[in-house]
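Close look at the chain arrangement
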Amino acid sequence: MVRLILLAVFLIIYFLISLPIQLAEFIIEKFNMNLRNKSSLAFVKFGLICVQFISGIKLEVNGYENIPKNEAVLFIGNHTSFYDIIVTYPLMNRPTGFVAKKEIQKIPFLSWWMYFVNCIFLDRKDPRKGLQSVLDAADMIKNGISVFLFPEGTRSKDCKLGEFKDGGFKIATKAKCPIIPVGIQGTYNVFERQFPRIKSSKVIVNFGKPVYTEGMERSETKQLPEMIKTRIKELSNQ
């Protein structure tokens, strides 16, 4: 429980310190959105790296060189833990927004920072709003901001890859951007396995080679979910 208590204390201090920084970000975005994106990315990265350290995560990263440096992409990964975002976000080499469920918007402090780092809140109960979220994400990628998606829609309870929702793949086909499959291993062991305790664990993040969607035939785009799922299954050692 010591790690959990230390983490709670850190988060309280972090969010309190962040209040004036958020005000500054509001002002910056009125004049220079690119600067706001970069400064918000740096501050959130710092916080998440601190969370990793307090949690005792031993991180191994493979395939980082597969991430294109000069263009925005759609990252697609498996999802078993709250820590999936904590370990992957600091690895982003450019402003990146995660697709999150709408309910998180109700959480103060956290949702405010998610706004600053371009996260998209998905309403899973309203198909029309869901489609708009897909279009918004595609526009973000066209404007140079990457997007990270967990197509299972929720965390897996048994660490096995669940069913992929097809809708999110339209982000890539509409933006005509590369897809980077991501396999995450070990995050479940940090927290969910012995909830509410936090246990020091090894976590592995594997980035696969890009799948280019530009120029794909319609028949090929229909096969994308199964193709990416197969790659993620291999990358996450399932």
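Residues numbered from 1 in each chain as written. Predicted model: local features only at pLDDT ≥ 70, side-chain atom pairs only at ≥ 80, totals over all residues. Heavy atoms only, no water.

Examining the overall build of the protein
- Each helix and strand in the protein was counted, giving eight helices and eight strands.
- Here the C-alpha atoms of the protein give a radius of gyration of 17 Å, agreeing with the 18 Å that 2.2 N^0.38 yields for 238 residues.
- Its C-alpha atoms put the protein at 50 × 45 × 35 Å along the principal axes.
- Looking at the protein as a whole, 50% of its 238 residues are labelled buried.
- For the protein, the share of sequence-separated contacts (at least 6 apart) that also reach a separation of at least 24 residues comes to 75%.
- Working note: accessible area of the protein is about 12700 Å², and carbon and sulfur atoms make up 60% of it.
- Here the protein holds 33 positive side-chain charges and 21 negative ones, and the gap between their average locations is 5 Å. (Helix = DSSP H or I, 4+ residues; strand = E, 2+ residues; numbered from the N terminus. Rg over C-alpha atoms; globule rule 2.2 N^0.38 Å. Buried < 20%, exposed > 50% of the residue type's maximum accessible area, 1.4 Å probe, protein only. Contact = heavy atoms within 4.5 Å. Areas by Shrake-Rupley, 256 points an atom, 1.4 Å probe, with all protein chains shown as cover. Lys, Arg positive; Asp, Glu negative; His and termini not counted. Charge placed at Lys NZ, Arg CZ, Asp CG, Glu CD.)

Observations concerning the environment of Asp 84
- Checked against the element boundaries, Asp 84 lands in helix α3 (residues 83-88).
- The exposure class assigned to Asp 84 is buried, which follows from its relative accessible area of 0%.
- The spatial distance from the C-alpha of Asp 84 to the C-alpha of Tyr 188 is 8.6 Å, given a sequence separation of 104 residues.
- Residues within four places of Asp 84 in sequence aside, it is in contact with Asn 78, His 79, Phe 150, Ile 184 and Thr 187.
- At a separation of 3.0 Å, a polar atom in the side chain of Asp 84 contacts the main-chain amide nitrogen of Ser 81. (Polar contact = N/O pair within 3.5 Å; in protein donor to acceptor, adjacent residues only side chain to side chain.)

Some details on the layout of surface pockets
- The volume enclosed by the second largest pocket comes to roughly 240 Å³.
- Lining the second largest pocket, in full, are Asp 166, Phe 169, Lys 170, Thr 173, Arg 218, Thr 221, Lys 222, Leu 224 and Pro 225.
- For the lining of the second largest pocket, the secondary-structure elements that each account for two or more residues are α6 (169-175) and α8 (218-235).
- Of the residues forming the lining of the second largest pocket, the biggest block, five residues, is contributed by α8.
- For the lining of the second largest pocket, a count of residues per class yields three nonpolar, two polar and four charged. (1 Å grid on protein atoms, 1.4 Å probe; cavity = no way out; pocket = protein on both sides within 12 Å on 5 of 7 lines; lining within 4 Å. Points joined across faces, edges and corners; volume = space filled by probe spheres on them. Nonpolar A, V, L, I, M, F, W, Y, C, P; charged D, E, K, R; others polar.)

Digging into the nonpolar core
- Phe 75, Tyr 83, Tyr 89, Val 182 and Phe 207 are the most contacted members of the largest nonpolar core, which totals 41 residues.
- Put simply, the parts of the chain that give this core at least two residues each are α1 (2-31), α2 (33-55), α3, β3 (96-101), α4 (110-116), β6 (178-185) and β7 (202-207).
- Counting residues per element, this core draws most heavily on α2, at seven residues.
- Those residues in contact with Tyr 83, other than ones at most four positions away along the chain, are Leu 7, Val 51, Ser 55, Ile 57, Thr 187, Val 190, Phe 191 and Ile 198.
- Membership of the second largest hydrophobic core comes to 26 residues, among which are Ile 120, Leu 149, Phe 169 and Cys 177. (Core = buried A, V, L, I, M, F, W, Y, C linked by side-chain atoms within 4.5 Å.)

So, the packing of aromatic side chains
- Applying the stated rule across the entire model yields 21 aromatic pairs.
- Centroid distance Phe 75 to Phe 148: 5.5 Å. Interplanar angle 15°. Geometry classified as stacked. Of this pair, Phe 75 sits in strand β2 (residues 74-77) while Phe 148 sits in strand β5 (residues 146-149), and the two are 73 residues apart along the sequence.
- Exposure remark for Phe 75: the relative accessible area of 1% places this residue in the buried category.
- With 5.0 Å between their ring centres and 55° between their planes, Phe 109 and Trp 112 make a pair best called tilted. (Phe/Tyr/Trp six-rings, centres within 6.5 Å; stacked < 30°, edge-to-face > 60°.)

Geometry only, nothing functional implied.
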